[in-house]
Amino acid sequence: MQDKNVSVNNFEQCLKCDICSSVCPMLAANPRYPGPKQAGPDGERYRLKDPAYYDLTLKFCLNCKRCEVACPSGVRIGDIIQTARLKYGRQNRPLRDFVLADTDLTGSLATPLAPVVNRALGCRPVKAVMDRLVGVDSRRTLPSYSGRKFVRWFRESAAHRQLGFRRFVSFFHGCYVNYNFPELGRDFVRIINACGFGVHLLEDERCCGVALISNGFGAQARHQAEINVRSIRKAVSAGEPVVGCSSTCIFTMRDEYDHLLGIDTSDVRDSILLASKWLYDKVESGSVKLVFKSDYHLKVAYHTACHMNKLGWSVYSILLLKMIPGLELIVPEQQCCGIAGTFGFKKENYGYSQEIGKSLFDTLEAISPDIVATDCETCKWQIEMSTDLKVMNPISILAEALDFEKTQKSNIR
């Protein structure tokens, strides 16, 4: 697996221009981090000669991919760093990293006891113990869990309604929708149904694995990715695109499975889509019509998440939001929020996380929107914790603004 990764991560194309360092949010906040050029292409040359050259400070890489977006030569700098972390990083990791990384296990255990778990996670003494003994920073607001998984709601309340459709999409709901915020999944199903399409769940879905990758659990990430890819292939072979609401989940499955885990996804990659892109393409082609409420008014600031920036798909969410007649949309310059998945939960990283995000927080508060929109759930957690602003996925904003009855009538086939 790793030999393939070394060959596809094209470090020899690095021009040593150091543009990547100028856009690295971690390098600006943490002088201990050597920066993307040194940690990536430069360091890889040494690591190939002797693994002893592996630098433990690579743990500070956020995998935000801003370096890759900026690179004029298309060097996969972030991939090179993440591959090195998987190959040479510390093998005996603390329990905290495993708990943060295995979102399916944590979510499955927490959901049945959601009221108790949520109260405990918000309790200062509990957070102090977690800070001291586990290493999860006590200042971090932890996400709450739903008492009912999205998949249970779907099977009990929505699956029967899908039988009346002839066209379908397969929904990759992800851990956030399943365990933390089923409301987003329900909004997705309502919108897709109103557009004249039914929704299927994948035959067997696991966490996309991004947290496992970033915490160094490569073997488990690969195992889960293989399960997901098998399910995705079955959906695609049935003529159904695989659509999700999380920019990071979609990015991970489209790119990281191949680049970091060595799983060939070339046959299905173009069928793995973010909900906003799928929906915009349908509207633009004329095959779907959206009808909005006449009395809906909202001031929205759209935050482009880092992985969304790498995908290059923020334009689809922005254009969809602009379709809403009563919505005032402001799109500030792309900035990293600093949380980087599980990175900002760790005690040793909390200060860096908040320093990196401060410029974004200040920008959003100066705009003073009614809502911040973003396609990334961890960006939502970070912004809501660090400001007084409410954050919503663009799909949920569309669900609020849509006239479902008129939209459904417009899309009857």
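In this report, the structure presented in the accompanying data block is examined. Computed from a prediction, not measured in an experiment: that's the story for all the values here. (Residues numbered from 1 in each chain as written. Predicted model: local features only at pLDDT ≥ 70, side-chain atom pairs only at ≥ 80, totals over all residues. Heavy atoms only, no water.)

## Concerning the sheet that holds strand 7 (residues 371-373)
Okay, so step 1: Read from one edge to the other, the open sheet built from 4 strands follows the order 6-5-7-8, with strand pairing classed as parallel. The open sheet has two edge strands, strand 6 (327-330) and strand 8 (391-392), and neither has a second partner.
Okay, so step 2: Direction of pairing for strand 5 (residues 298-302) relative to strand 6: parallel, over a ladder of 4 bridges. The residue bridging Leu-298 from the neighbouring strand is Leu-327, located in strand 6. (Pairing = 2+ DSSP bridges. Helix = DSSP H or I, 4+ residues; strand = E, 2+ residues; numbered from the N terminus.)

## A few points about the side chain of Ser-146
Okay, so step 1: Structurally, the position occupied by Ser-146 is in the loop between helix 10 (124-134) and helix 11 (150-158).
Okay, so step 2: Here Ser-146 falls in the buried class, since its relative accessible area comes to 16%.
Okay, so step 3: Here the side chain of Ser-146 touches Arg-148 through a polar contact of 3.0 Å, landing on its backbone oxygen.
Okay, so step 4: Ignoring sequence-local partners within four residues, the contact set of Ser-146 consists of Thr-111, Ala-114, Tyr-179, Asn-180 and Pro-182. (Buried < 20%, exposed > 50% of the residue type's maximum accessible area, 1.4 Å probe, protein only. Polar contact = N/O pair within 3.5 Å; in protein donor to acceptor, adjacent residues only side chain to side chain. Contact = heavy atoms within 4.5 Å.)

## Here we look at the nonpolar core
Okay, so step 1: In this structure, Phe-150, Phe-188, Ile-191, Leu-279, Leu-290, Ile-324 and Ile-397 are the most contacted members of the largest nonpolar core, which totals 106 residues.
Okay, so step 2: Not counting residues up to four positions away in its chain, the partners in contact with Ile-397 are Tyr-296, Leu-298, Val-300, Leu-321, Ile-324, Leu-327, Ile-371, Ala-373 and Met-392.
Okay, so step 3: Counting 27 residues, the second largest nonpolar core, distinct from the first, contains Leu-62, Cys-64, Cys-67 and Cys-306. (Core = buried A, V, L, I, M, F, W, Y, C linked by side-chain atoms within 4.5 Å.)

## Details of helix 22 (residues 394-401)
Okay, so step 1: In terms of residue burial, helix 22 counts as a mostly covered element, since 7 of its 8 residues are buried.
Okay, so step 2: Inspection of helix 22 places Pro-394, Ile-395, Ser-396, Ile-397, Leu-398, Ala-399 and Ala-401 among the buried residues, and these make up the whole buried set.
Okay, so step 3: Capping of helix 22 at its N-terminal end is provided by Asn-393; its side-chain oxygen lies 2.9 Å from the backbone amide nitrogen of Ile-395.

## Points about a nonpolar patch on the surface
Okay, so step 1: Taken together, the side chains of Val-129, Leu-133 and Val-134 define a hydrophobic patch exposed on the protein surface, amounting to about 280 Å² of accessible area.
Okay, so step 2: The residue Leu-133 is located in helix 10 in this model. (Patch = residues over 30% accessible without salt bridge, like charges linked within 9 Å, V, L, I, M, F, W, Y side chains within 5 Å. Areas by Shrake-Rupley, 256 points an atom, 1.4 Å probe, with all protein chains shown as cover. Salt bridge = Lys/Arg side-chain N within 4 Å of Asp/Glu carboxyl O.)

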